[in-house]
Amino acid sequence: MIKLSKFFICLSFAFVFSGIALAQEFKSLPEPDKTGGKPLMETLNLRKSERNISAKPLSPQELSNLLWATWGINRPDGRRTAPTARNSQRIEVYAVLEDGVWLYDAKNNRLQQEMSSDERGKYSPAGVTLLYAADTTDSFSQMHVGTLYQNAGLYCASAGFANVVKANGKDALKGRLVLKKNYEVMIIHSIGYAK
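Residues numbered from 1 in each chain as written. Predicted model: local features only at pLDDT ≥ 70, side-chain atom pairs only at ≥ 80, totals over all residues. Heavy atoms only, no water.

As for its placement among the helices and strands, L111 is situated in strand β4 (residues 110–115). Judged by relative accessible area, L111 falls into the buried class, the value being 0%. As for L111 and S28, which are separated by 83 residues in sequence, their C-alpha atoms are 6.4 Å apart. Residues in contact with L111, not counting those within four places in the same chain, are E25, F26, K27, L29, L63, L67, L97, W102, L103 and Y104. (Helix = DSSP H or I, 4+ residues; strand = E, 2+ residues; numbered from the N terminus. Buried < 20%, exposed > 50% of the residue type's maximum accessible area, 1.4 Å probe, protein only. Contact = heavy atoms within 4.5 Å.)

Taking burial as the measure, the seven residues of strand β2 (residues 91–97) include seven buried ones, the bulk of the element. Where β2 meets strand β3 (residues 100–105), four bridges bridge the pair, whose relative direction is antiparallel. Within β3, the residue paired with A95 across the bridge is W102. The antiparallel hairpin formed by β2 and β3 contains two residues in its connecting segment. (Pairing = 2+ DSSP bridges.)

Glancing now at the sheet that holds strand β7 (residues 183–192). The seven strands are arranged β1-β4-β3-β2-β5-β7-β6 in an open sheet whose pairing can be described as antiparallel. Only two strands of the sheet have a single partner each, and these edge strands are β1 (26–28) and β6 (162–166). The mean inter-strand angle of the sheet, taken between neighbouring strand axes irrespective of direction, is 30°. The strands touched by helix α4 (residues 141–159) within the sheet are β2, β5 (128–135), β6 and β7, with β7 carrying the most contacts at an inclination of about 10°. (Axes fitted to C-alpha atoms, helices over the stretch in contact; angles between N-to-C directions.)

A few words on the pattern of salt bridges. Per the counting criterion, the structure on display carries 11 salt bridges. One salt bridge in this structure joins K122 and E119, with 2.9 Å as the shortest N-O distance. Each of R90, D135 and D138 takes part in salt bridges that share partners, so that together they form one network. (Salt bridge = Lys/Arg side-chain N within 4 Å of Asp/Glu carboxyl O.)

Moving on to the packing of helix α3 (residues 60–71) against α4. It is at 7 Å that the axes of α3 and α4 come closest, and there the two elements cross at 140°. The orientation of α3 relative to α4 falls into the category oblique. Between α3 and α4 the crossing geometry is right-handed. Side by side, α3 and α4 meet where E62, N65, L66, A69, T70 and W71 of the first sit next to L148, N151, A152, Y155 and C156 of the second. Of the residues belonging to the contact of α3 with α4, the class tally is seven nonpolar, three polar and one charged. (Parallel < 35°, antiparallel > 145°, perpendicular 65-115°, else oblique. Left-handed = near helix turned anticlockwise from the far one by under 90°. Nonpolar A, V, L, I, M, F, W, Y, C, P; charged D, E, K, R; others polar.)

Bringing the confidence of the model for the protein chain into the picture now. Chain-level statistics for the protein chain give a pLDDT mean of 91 and a share of 88% at 70 or above. In the model, residues 4–22 has pLDDT below 50 throughout and makes five contacts with residues more than four positions away in sequence or in other chains. (pLDDT = per-residue confidence, 0-100.)

Turning our attention to the nonpolar core. Counting 30 residues, the largest nonpolar core has L66, V128 and L130 as its most contacted members. Where this core is concerned, the elements lending two or more residues are α3, β2, β3, β5, α4 and β7. No other element matches α3, which puts six residues into this core. Not counting the four nearest positions on each side in its chain, L130 is found in contact with L66, L67, T70, V93, Y94, A95, I187, I188, H189 and I191. Formed by 13 residues, the second largest nonpolar core is a distinct cluster that contains Y94, Y123, L173 and Y183. (Core = buried A, V, L, I, M, F, W, Y, C linked by side-chain atoms within 4.5 Å.)

Following this line, the structure appears as C-alpha cells:
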C-alpha cells in the first residue's frame, strides 16, 4: 500500500512539473455573431496597424467574434475560417487576458485555461493579445499564421478595434506556457479599443 501511495505521489509531481494541469478550467463563449460587419472593400480601406491600444477588456461577445473570425469553424466538416495546406490545421491560438492565458477551443466554442496569471504586461496593455503557435515541422506554418492574423486584422477593421502584429516578445512565455510538441509561438497580435 505504501509503495502504491508513493507511486501516485510521484505521478502527481510528474504531471505538475511537466506543466500538465490536473484540473482544467474552461470558459464558455457566447455564440459568435456571423452576420453584419462592414462591407469588404470598406474593411480593407480601414485596415491598419495601431499600437495605441487601451487595456479595456473586450466583452465576451466581442472576444467570441474575434476568435471565430480568426480561427473558428465555419463548415460542418470542421474546416476553418482560415485555410491551411492539406487542411492540416496545425495551429493553436492563445488569448492573453487579465485572468490568464487561454487556449481557444473552436470545436466547443470555449477557452481552456493554460495559465492563471496575468501575463498581459509581457506583451501589451491591450484588452487581449493573441499568440499564434504552430508546428515548426510544417513548412507552411508561417504562411498559415499569416492567414490567421490577417483574418483577425480584417475583423478588427470591421469592428473598429485597434490592433498590431509583432514578433518582438513572442518568446516571453517560453518554458512556462506548455505547447504541443514541436510547436512555438510565431507571432503575437495585440487587440483592443483605440486610446
